[in-house]
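Observations on the three-dimensional arrangement
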Amino acid sequence: MSDDQDNTNLVRFPFSKSGVSKTSSQSRNLGLTKLSFDVNPSGAGAKGHWCDVCKGIWYTYFLEVECPVCGRRG
Ligand SMILES: [Zn+2]
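A quick note: this is a predicted structure, and the numbers were derived from the prediction, not measured.

Some thoughts on the nonpolar core
Grouped together as the largest cluster of nonpolar side chains are 6 residues: Leu 30, Leu 32, Cys 51, Trp 58, Tyr 59 and Cys 67. Those elements that place two or more of their residues in this core are β1 (28-32) and β3 (56-60).

Some points on the sheet that holds β3
The mixed open sheet is built from 3 strands, whose spatial order is β1-β3-β2. If you trace the sheet from one side to the other, it starts and ends with β1 and β2 (47-51), each paired once. Put simply, the sheet's adjacent strands are angled 25 degrees from each other on average, direction ignored. Pairing of β1 with β3, which is carried by 4 bridges, proceeds in the parallel orientation. Bridged to Asn 29 within β3 is Ile 57.

Reading the values: rules and limits
- Residues numbered from 1 in each chain as written.
- Predicted model: local features only at pLDDT ≥ 70, side-chain atom pairs only at ≥ 80, totals over all residues.
- Core = buried A, V, L, I, M, F, W, Y, C linked by C-beta atoms within 7 Å.
- Buried ≥ 20, exposed ≤ 12 C-beta atoms within 10 Å, placed from the backbone.
- Helix = DSSP H or I, 4+ residues; strand = E, 2+ residues; numbered from the N terminus.
- Pairing = 2+ DSSP bridges.
- Axes fitted to C-alpha atoms, helices over the stretch in contact; angles between N-to-C directions.

What follows is the structure in structure tokens.
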């Protein structure tokens, strides 16, 4: 006789308060600037810039300082 089967009733939810998901829920991915998107739509290797207004990070391959979403200069 074994009680092992009873353990299958315990379902562990993937989200936990101590997990890594904390940062991803606080910051949004605002995507690439138009200019950068034309160069490489995948966004691989682009530099991220934080936007205070959008509470998110946008990406560029150039020396751009303007958020592509709200237009704020950072
Ligand atoms: Zn913004």
